[in-house]
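Residue-level listing of the chains:
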Amino acid sequence: MWRSLIRPSCRRARNPSLISTRTLAPQVCHASTSLPAHPDAPKGPHPKISGPALLIVALTGVGVAATWKTHVEQRQREEHQALQAAEEAAKKAAEKVAQVAKEEQSKLAQKAKEAKAKVIQATEKVVQSTQKAAQQAVEKTREEVVHVKETVVHKAQQATEATGKAVQKAKEQVSDAVKKVTHKAEAVVPAAAHKLPSAAASLSLSPLPDDTTVVFVLGGPGAGKGTQCANLVRDYGFVHLSAGDLLRAEQNRSGSEYGELINSYIKEGQIVPMEITIALLHKAMKEAHSSRFLVDGFPRKMDQALKFEEEVCEGKFILYFECPEEEMLKRLLKRGETSGRVDDNIESIKKRFQTFKDTSFPVIEHYEAKGKVKTVSCLKSVEDVYADTKKVIDELVG
Ligand SMILES: Nc1ncnc2c1ncn2[C@@H]1O[C@H](COP(=O)(O)OP(=O)(O)OP(=O)(O)O)[C@@H](O)[C@H]1O
Ligand SMILES: O=c1ccn([C@@H]2O[C@H](COP(=O)(O)O)[C@@H](O)[C@H]2O)c(=O)[nH]1
């Protein structure tokens, strides 16, 4: 009986779902186990139960209670275990989740890294292509600049060549014109020569006194020969004979047969045929009745030098006034403002310079070779030049 009483409880204890409170008096259950009254238990006054039955019920209740307690404890342990298992599972799940999250995070990080790498790569590509484009643009610009430069240089060369050709042509034209004028003038001379005073035409000149001293005064056009000669005339009693002045005087003399000829030679900076100049000099020397002559601006050509020394008189020495062309140009242009000379203009001056270099300077070199040249620099004031000139004259003429 006890077994039968207990057995179902035990069974129920093993399986709580089998417990049915309908089999137990709600009061007993409540009193012995302190369990709450079953909701379905009948309410109202307790029925009359006998003592043994009550004992049996009580014992049964105790047994049931003990069983129930065991069952509850078991259940609590199971629940505790289940809880622990659940906690364990939850922990594991959490760990798993964390692990998965970590892995996902890692994957995402990796993907982000890869994406970043791709962006960097793409950026580098863009930068490289931009740099390449910029380089190509620079290269193209450089090539264009080189091309433009070459074109400019080429055009400049062409222009230079064209200018050179034009200058050359102009020079040739000028040279031709000079030749024509010279030729024309020289053609006039033989024709006019028979009209020269007989002495000049034949140059059979009467001799001068033996004590005649002639100093040839040479130098480029406008060097200052005439200026220094004037001082020497004043201080040393020289007679100053300027070949140019004599020619100009002859040119201006009314009735002169050579006026036109002399004018064209002077204008072109050419040397008038020596017969005329030497005849004029000889005549002037004869008329001067002096023994000291400064022959200024003569001889300008070798034939003049040789003929004069042969027919008239040997020069004692050459007083050479040295002056740079730029300074002479400056002085001549200034003089041209008032001189009225047909050759004190830029065109004639250039021709005179050329004639001086080509024709007259060799005369100076000729006398230099003979040790007869005394050079005085004209790049000083008139007074200083004269001081230097005096030293030469004092030493050689006294
Ligand atoms: N030392 C000098 N400094 C500055 N000017 C000068 C000097 N000597 C001369 N001149 C000036 O230079 C000009 C040329 O001088 P000057 O007439 O004496 O030269 P030139 O050699 O006789 O010339 P040309 O050969 O043409 O007859 C004149 O106006 C003169 O006043
Ligand atoms: O012996 C000479 C001297 C001069 N001339 C011509 O006269 C001008 C001017 O000479 P200046 O001495 O400068 O006054 C000169 O240019 C020559 O054309 C010459 O023919 N022969």
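Quick caveat: nothing in here was measured; it's all calculated off a predicted structure. (Residues numbered from 1 in each chain as written. Chains lettered and ligands numbered in written order. Predicted model: local features only at pLDDT ≥ 70, side-chain atom pairs only at ≥ 80, totals over all residues. Heavy atoms only, no water.)

Draft legend 1. Broad picture of the sheet that holds strand S3 (residues 292-296). Across the sheet, which stays open at both edges, the five strands sit in the order S2-S3-S1-S4-S5 with parallel pairing between neighbours. On the outer flanks of this sheet lie strand S2 (239-242) and strand S5 (373-377), each paired with one strand and no other. Averaged over all neighbouring strand pairs, the angle between strand axes comes to 25 degrees, with direction disregarded. Bridge count between strand S4 (residues 315-322) and S5: five bridges; the pairing is parallel. In the sheet register, Leu319 faces S5, and the bridge partner there is Lys374. Across the sheet, helix H12 (residues 382-396) lies against S4 and S5, angled at about 165 degrees from S4, the strand it touches most. (Pairing = 2+ DSSP bridges. Helix = DSSP H or I, 4+ residues; strand = E, 2+ residues; numbered from the N terminus. Axes fitted to C-alpha atoms, helices over the stretch in contact; angles between N-to-C directions. Contact = heavy atoms within 4.5 Å.)

Draft legend 2. Broad picture of the confidence of the model for the protein. Of all residues in the protein, 78% attain a pLDDT of 70 or more, and the chain-wide mean is 81. For residues 1-34, every residue scores under 50 in pLDDT, and the model assigns this stretch 39 contacts once sequence neighbours within four places are set aside. Listed scores for the predicted complex are pTM 0.59 and ipTM 0.99. (pLDDT = per-residue confidence, 0-100.)

Draft legend 3. Examining the site of ligand 2 more closely. Of all residues adjacent to ligand 2, which total 17 residues, the nearest are Arg248, Gln270, Val272, Arg300 and Gln304. Separating an oxygen atom of ligand 2 from a backbone N or O atom of Val272 is a distance of 2.5 Å. The side chain of Arg300 places a nitrogen or oxygen atom 2.9 Å from an oxygen atom of ligand 2. For ligand 2, whose accessible area on its own is 450 Å², the fraction buried by protein is 96%. Mapped by element, the contributors of at least two residues to the shell around ligand 2 are helix H6 (243-252) and helix H7 (259-267). Looking at the shell around ligand 2 element by element, the count peaks at four residues for H6. Taken together, the residues that form the shell around ligand 2 break down as seven nonpolar, five polar and five charged. (Near = heavy atom within 4 Å. Polar contact = N/O pair within 3.5 Å; in protein donor to acceptor, adjacent residues only side chain to side chain. Areas by Shrake-Rupley, 256 points an atom, 1.4 Å probe, with all protein chains shown as cover. Nonpolar A, V, L, I, M, F, W, Y, C, P; charged D, E, K, R; others polar.)

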